[in-house]
Amino acid sequence: MPSVTWGVVQGRKEKLVSRVIICDYLKGIGIIPDELEDLELPSTVDVMRERVEFLQKLGLTIDDINEYPLMLGCSVRKNMIPVLGYLEKIGIQRSRLGEFIKNYPQVLHASVVVELVPVVKFLRGLDVEKQDMGYVLMRYPELLGFKLEGTMSTSVAYLVSIGVNPRDIGPMVTQYPYFLGMRVGTMIKPLVDFLVSLGLPKKILARMLEKRAYLLGYDLEETVKPNVECLTSFGIRKEALASVIAQFPQILGLPLKAKLSTQQYFFNLKLKIDPDGFARVIERMPQIVSLNQNVIMKPVEFLIGRGISTEDVAKMFVKCPQLVAVQVGLMKNSFYFFKSEIGRPVKELVEFPEYFTHSLESRIKPRYHKLQSKGIRCSLAWFLNCSDQRFEERLQADYIEIETAGPSFCMGGKLELPGSEIVSDVEDESDDEILYRRSVSL
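Here the structure is a predicted model, which means the values were calculated and not measured.

Draft legend 1. Looking closely at the packing of aromatic side chains. Applying the stated rule across the entire model yields eleven aromatic pairs. Ring centres 5.1 Å apart and planes at 65 degrees place the aromatic pair Tyr176 and Tyr178 in the edge-to-face group. Residue Tyr176 is classed as buried on the basis of its relative accessible area, which comes to 14%. Look at Phe337 and Tyr368: their rings are 5.9 Å apart centre to centre, the planes differ by 90 degrees, and that puts the pair in the edge-to-face class. Note that Phe337 is positioned in helix 18 (residues 328-342) and Tyr368 in helix 20 (residues 360-374), a separation of 31 residues in sequence. Given a relative accessible area of 5%, Phe337 falls into the buried group. Overall, the relative accessible area of 7% leaves Tyr368 in the buried class. Stacked on the ring of Tyr25, the Lys or Arg Arg49 has its end atom at 5.1 Å from the ring centre.

Structure below.
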């Protein structure tokens, strides 16, 4: 009668033989089984063949399996089917399940109830929309492997602490989910501290991050700091850096030296604008660094074609670089009204180029006609560079007040055609509020 010991030894021999057969099968189809040495393999080669064929039906190749052979340790029925079924349920398209597994094969080891469901509930709790869940996880599948009490929670808590609206965290995750995997102490906080040190108030920075969460992905040492140094090397004043960044946050992540060099040369060649003048242009409209030169030349050629000297056009662009955002067709209409109705010397346009950025129909014509009806003669800036309320107050006054410098003319966010009001209707704003207004127009 065989002993118990003999049975154990015999069982081990059978397992060893089975393992050798399975490894030979894997080698025969091109899979390197070295990493499977410590893994519990199925008892028969048929079960292993089923796993390989199941993965191949999803769209994985032998090379994909070799990238992470440990996936072969997952049972088709106990691991793969439940996980894939849940992924499809939360929004991953069936046709893209193979791509998802290629990008994050470790998910096949996960327990749906213990590991995946809590993460999805956490994301929903951040206001990630149900219909966006699949999109978010396709972009950053590693989220499903994070611990709730770890990096995800601390990054969210820190962003809220600097002023990010909790209701905006969900849209931020949808736009740029990677920040949930960033460590606060080594990645997020150093970037925030650096930008605050440049003069950006935290509440402005918070608004920027709400709209452009991908800013958190800019490398502080490799990209952000070098770009800030590049701006100062091109003559941007340190006190203007915060305004430049608030208007055009993407400037922190651009290949900035090459772009600034190209545009500086272009402005000098075409308009004879010197480096100092170019720096003032960038301070007032940093989007210029990425603007196509053909777009810039259209309003330039229009103004020169109306008899304005290249030197005066250069002055106009240094004072109001937003001219590059104005459609030439609208400029023509405004110029025609200026010449035929207002009848002033072109010199006044050189002194107040902002004229072209105001809407002809909603601001210039109505205000000019009111001035005419009252017999008031004043400069372009006096009746255009103020809010509607201030303009009405000026009309009711018995005198023309001394002109003072209007608000700084800076544009935030995307280039916009005239029609939007450049000057706020709110008077006496603080510097922080003005900066905030520019940033939220992004």
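After presenting the structure, the write-up continues.
Draft legend 2. Molecular detail of the nonpolar core. Counting residues in each nonpolar core, the largest one holds 146 residues, and the members touching the most others are Leu123 and Tyr355. Discounting chain neighbours no more than four positions away, the residues touching Leu123 are Val128, Met133, Leu137, Leu143, Val173 and Leu180.

Draft legend 3. Structural view of the packing of helix 18 against helix 20. In contact at an axis separation of 12 Å, helix 18 and helix 20 are set at 10 degrees when each is read in the N-to-C sense. Classified by the angle between their axes, helix 18 and helix 20 sit roughly parallel to one another. Residues Asn333, Ser334, Phe337, Glu341 and Ile342 of helix 18 lie in contact with helix 20, whose contacting residues are Leu360, Ile364, Lys365, Tyr368 and His369.

Draft legend 4. Layout of the pattern of salt bridges. One pass over the structure, following the stated rule, counts 18 salt bridges. Measuring nitrogen to oxygen at the nearest pair gives 3.7 Å for the salt bridge that ties Lys102 to Asp64. Highlighted residues: Lys102 in helix 5 (residues 97-103) and Asp64 in helix 3 (residues 62-67), separated in sequence by 38 residues. On the basis of relative accessibility, which here comes to 43%, the residue Lys102 falls in the partly exposed class. Its salt-bridge partner being Asp312, residue Lys315 comes within 3.9 Å of it at the nearest N-O pair. Here Lys315 pairs with Asp312, and both are found in helix 17 (residues 310-319), just three residues apart, close to one helical turn.

Draft legend 5. Expanded view of unusual backbone geometry. Backbone geometry places Asp127, a non-glycine residue, at a positive phi of 75 degrees. Classification of Asp127 by relative accessible area gives partly exposed; the value is 35%.

Draft legend 6. Summary view of a negative patch on the surface. The grouping of Asp34, Glu35, Glu37 and Asp38 at the surface amounts to a negative patch. With respect to the secondary-structure elements, Glu35 resides in the loop between helix 1 (4-28) and helix 2 (45-58).

Draft legend 7. Structural view of helix 8 (residues 148-161). A rise of 1.5 Å per residue sets the reference length of helix 8, with its 14 residues, at 20 Å; its end C-alpha atoms lie 18 Å apart and thus fit the reference within 8%. Bending of helix 8 peaks at approximately 30 degrees at the position of Thr154. Tucked into the core, helix 8 has its buried residues touching helix 6 (112-125), helix 9 (169-175), helix 10 (184-197) and helix 11 (202-211). After helix 8 finishes, the residue Gly163 shows a positive phi value of roughly 120 degrees.

Draft legend 8. How the structure looks around the environment of Arg124. Mapped onto the elements, Arg124 comes out in helix 6. Within the structure, the side chain of Arg124 is placed 2.8 Å from the backbone oxygen of Val128, a separation counted as a polar contact.

Draft legend 9. Geometry of helix 17. Taken together, the buried positions of helix 17 are Val313, Ala314, Met316 and Phe317. For helix 17, the angular spread of the buried residues around the axis is 160 degrees, confining them to a single face. As for helix 17, its buried residues are in contact with helix 14 (256-271), helix 15 (275-284), helix 16 (293-305) and helix 19 (347-351).

Procedures and definitions
The numbers attached to residues start from 1 for each chain and follow its sequence in the written order. The predicted origin of the model limits local features to residues at a pLDDT of at least 70 and limits the giving and counting of side-chain atom pairs to 80 or more, whereas totals for whole chains, interfaces and linings rest on all residues. Think of the side-chain values as coming from all heavy atoms in the structure, minus any hydrogens and water. Pairing of aromatic rings covers Phe, Tyr and the six-membered ring of Trp, with a centre-to-centre limit of 6.5 Å; geometry is then stacked below 30 degrees between planes, edge-to-face above 60, and tilted otherwise. For every residue, the accessible area obtained with a 1.4 Å probe (protein chains only) is divided by the maximum for its type, and the residue is called buried under 20%, exposed over 50%, and partly exposed between those limits. Starting at the N terminus, helices and strands are each numbered in turn, a helix being any DSSP run of H or I of at least four residues and a strand any DSSP run of E of at least two. Only when the NZ atom of a Lys or the CZ atom of an Arg is both within 6 Å of the ring centre and within 35 degrees of the ring normal do we say a charge sits over the ring. By nonpolar core is meant a set of buried Ala, Val, Leu, Ile, Met, Phe, Trp, Tyr and Cys residues that side-chain atoms within 4.5 Å join together. Should any heavy atoms of two residues lie within 4.5 Å, those residues are considered in contact. Fitting a line to C-alpha atoms yields each axis, with helices limited to the stretch in contact; the angle taken between N-to-C directions then spans 0 to 180 degrees. Each angle is binned into one of four classes, with values under 35 degrees roughly parallel, values over 145 roughly antiparallel, values of 65 to 115 roughly perpendicular, and all other values oblique. Should a side-chain nitrogen of Lys or Arg be within 4 Å of a carboxyl oxygen of Asp or Glu, the pair is scored as a salt bridge. Residues qualify for a patch when their relative accessible area is over 30% and they have no salt bridge, like charges being joined within 9 Å and the nonpolar side chains of Val, Leu, Ile, Met, Phe, Trp and Tyr within 5 Å. Only the protein chains shown count as covering a residue, and every accessible area follows the Shrake-Rupley method with a 1.4 Å probe. Charge assignment in this entry is limited to Lys and Arg as positive and Asp and Glu as negative, and neither His nor the chain termini are counted. Charge positions come from single atoms, namely NZ of Lys, CZ of Arg, CG of Asp or CD of Glu. To estimate how far a helix should extend, the number of its residues minus one is multiplied by 1.5 Å. Take the seven residues that end at a residue and the seven that start at it, fit an axis to each, and the angle between those axes is the bend at that residue. Polar contacts, as counted here, are pairs of nitrogen or oxygen atoms within 3.5 Å of one another; within protein the pair requires one atom able to donate a hydrogen and one able to accept it, and residues that are adjacent in sequence qualify only if both atoms are side-chain atoms. Throughout, the arc means that of the directions going from the helix axis to the C-beta atoms.

Treat this as a map of the structure, not an account of what it does.
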